[in-house]
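Here is how the chains run, residue by residue.
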Amino acid sequence: MLKPDSDAPHVCGLGWNEFVKKLEDFHGYAAPGALWGGIMVDMARERLKSLFGPDALFWVLVESYSCLPDAVQLLTPCTVGNRRLQVLDLNRYALTLYTKPGGQGVRIFVDGGKLGPWPHLQSWFMGLVDKKDQDANLLTNDIRLGGASACSMRAVRVPETYLRRERKGKIGLCPACGEPYPLRDGERCLACRGGFDLPVELKS
Ligand SMILES: [Zn+2]
C-alpha cells in the first residue's frame with residue numbers, strides 16, 4: 001500500500017501529484033470519480049499488458065458518461081474521436097479494455113462489497129452523505145489508497161458489434177434535411193428517421 005505522502009509512479013506511469021495536475025488541466029478539476037477512474041484504467045492496463053504484452057493495441061468501452069471517459073482519454077491513446085473509446089450510458093462505474101480481432105480483454109468495476117474498509121469512499125459513492133458534508137481530503141485519500149482494492153476485475157470478451165470495422169460507403173443527400181449522410185443508413189439520415197432530441201432551428 002502506498003504511503004499517503006508518496007508520489008511514486010502510481011497511475012499509468014505518473015506520480016499521484018502529476019496525475020492530479022494533468023487531470024485538473026484536462027477535466028477542469030480533480031473530480032473524485034476521475035481520480036478513481038485513473039486508478040481503474042491503470043489496473044486494467046497492467047492486466048492487459050500481462051495477458052497480451054506491453055505493445056498490444058487496445059480499445060475501451062466505458063459504462064458511464066460521468067468522469068470515466070475523461071480518465072481514459074487522459075491516460076490512454078483511446079478517445080471518442082478516434083473511435084477507440086465507446087461510451088455506454090448505463091450509469092455503472094465500469095470499464096473494459098479489449099483487443100482485436102478476438103475481443104478478449106478485462107472488465108473492471110466498482111465492487112459494492114469491497115467499499116467497507118474505505119468509509120469516505122463508500123459514503124460518497126453510495127450517496128450516503130451530502131456533498132457539503134463531504135471532506136474532500138479524506139475522500140481523496142480513500143480513493144488514492146483504497147480505490148484499487150474496492151474494484152474487481154474479470155476476464156471478458158466483447159460482442160462482435162464492437163469489433164467490426166465501420167466503413168461509411170457511399171454518401172448521398174438526405175431527402176428530408178438535405179444534408180450528406182451514408183446511404184447505408186437507409187432512405188433518410190438517422191436524424192430524420194426520428195428518435196433523437198435534436199437542436200431546433202430558430203427563425204432569424
Ligand atoms: Zn436527414
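Residues numbered from 1 in each chain as written. Predicted model: local features only at pLDDT ≥ 70, side-chain atom pairs only at ≥ 80, totals over all residues.

I'm lost on the overall build of the protein in this one. Help?
Looking only at helices and strands, one finds five helices and nine strands in the protein. Reading the protein from its N end, one meets helices and strands in the order β-β-α-α-β-α-β-β-β-α-α-β-β-β. Principal axes of the C-alpha set define a box for the protein whose edges measure 60 × 45 × 30 Å. Looking at the protein as a whole, 29% of its 204 residues are labelled buried. Residue pairs at least 24 apart in sequence account for 58% of intrachain contacts in the protein once pairs closer than 6 positions are excluded. (Helix = DSSP H or I, 4+ residues; strand = E, 2+ residues; numbered from the N terminus. Buried ≥ 20, exposed ≤ 12 C-beta atoms within 10 Å, placed from the backbone. Contact = placed C-beta atoms within 7 Å.)

Help me understand the pairing of strand E5 (residues 94-98) in this model?
In terms of residue burial, E5 counts as a mostly covered element, since five of its five residues are buried. Neither face of E5 is open: one carries Ala94, Thr96 and Tyr98, the other Leu95 and Leu97, and all of them are buried. Relative to E5, strand E3 (residues 59-62) runs antiparallel, the two sharing four bridges. Across the sheet, residue Val62 finds its bridge partner in E5, namely Leu95. The pairing of E5 with strand E6 (residues 104-110) spans five bridges and is antiparallel. By the bridge assignment for E6, Leu97 is matched with Val106. In textbook terms, the turn of a hairpin is the stretch between consecutive antiparallel strands, and for E5 and E6 this stretch comprises five residues, one of which, Gly103, has a positive phi near 80°. (Pairing = 2+ DSSP bridges.)

Please clarify how the environment of Leu68 should be interpreted in this entry.
Within the fold, Leu68 resides in helix H3 (residues 68-75). Among the residues examined, Leu68 registers 25 C-beta atoms within 10 Å and is labelled buried. Linking Leu68 and Phe52, residues 16 residues apart in sequence, is a C-alpha distance of 23 Å. Apart from residues no more than four positions distant in its own chain, Leu68 is found in contact with Gly37, Val62, Tyr93 and Leu95.

What should I look at first to understand the pairing of E3 in this one?
The side chains of a regular strand alternate between the sheet's two faces. Side chains of E3 alternate between two faces, with Trp59 and Leu61 and Val60 and Val62 buried alike. Pairing of E3 with strand E4 (residues 85-87) involves three bridges; the strand directions are parallel. From the neighbouring strand, Val62 faces E4, where its bridge partner is Val87. Read from E3 through H3 to E4, the crossover connection turns out right-handed. (Right-handed = clockwise from strand over helix to strand, strands pointing away.)

Would you explain the domain arrangement of the protein in this entry?
It is common to give the size of an interface as the accessible area that goes away when the parts come together. As far as domains go, the protein holds domain 1 (9-162) and domain 2 (168-204). Computed from C-alpha coordinates alone, the two centres of domain 1 and domain 2 are separated by 35 Å. (Domains from an automatic or database assignment.)

What exactly am I supposed to notice about the packing of helix H2 (residues 32-52) against helix H5 (residues 136-146) here?
Remark: H2 packs on H5, axes separated minimally by 9 Å, with the N-to-C direction vectors making an angle of 15°. Between H2 and H5, the angle is such that the two are roughly parallel. In this structure, H2 meets H5 at a crossing whose hand is right-handed. Residues Pro32, Leu35 and Trp36 of H2 lie in contact with H5, whose contacting residues are Leu139, Thr140 and Ile143. Tallied by class, the residues present in the contact of H2 with H5 amount to five nonpolar, one polar and no charged. (Axes fitted to C-alpha atoms, helices over the stretch in contact; angles between N-to-C directions. Parallel < 35°, antiparallel > 145°, perpendicular 65-115°, else oblique. Left-handed = near helix turned anticlockwise from the far one by under 90°. Nonpolar A, V, L, I, M, F, W, Y, C, P; charged D, E, K, R; others polar.)

Where do I start with H3 in this structure?
Each α-helix turn comprises 3.6 residues. Residues three or four places apart therefore point the same way. The buried fraction of H3 amounts to eight of the eight residues, a majority that puts the element mostly inside the structure. Buried residues of H3: Leu68, Pro69, Asp70, Ala71, Val72, Gln73, Leu74 and Leu75, and no others.

Sorry, what's going on with H5 here?
All buried positions along H5 are accounted for by Leu139, Asp142, Ile143, Arg144 and Gly146. Packed against the buried residues of H5 are helix H1 (16-27), H2 and helix H4 (119-125).

Could you clarify how one ought to interpret the packing of H2 against H3 in this entry?
Two quantities define a packed helix pair, namely the angle between the axes and the distance from one axis to the other. Put simply, H2 and H3 touch, their axes get as near as 8 Å, and they point 55° apart. Relative to H3, the element H2 lies oblique. In this structure, the crossing between H2 and H3 has a hand that is right-handed. Here Ala34, Gly37, Gly38 and Val41 of H2 lie close against H3, whose contacting residues are Leu68, Asp70, Ala71, Val72 and Leu75. Class assignment for the residues of the contact of H2 with H3 results in six nonpolar, two polar and one charged.

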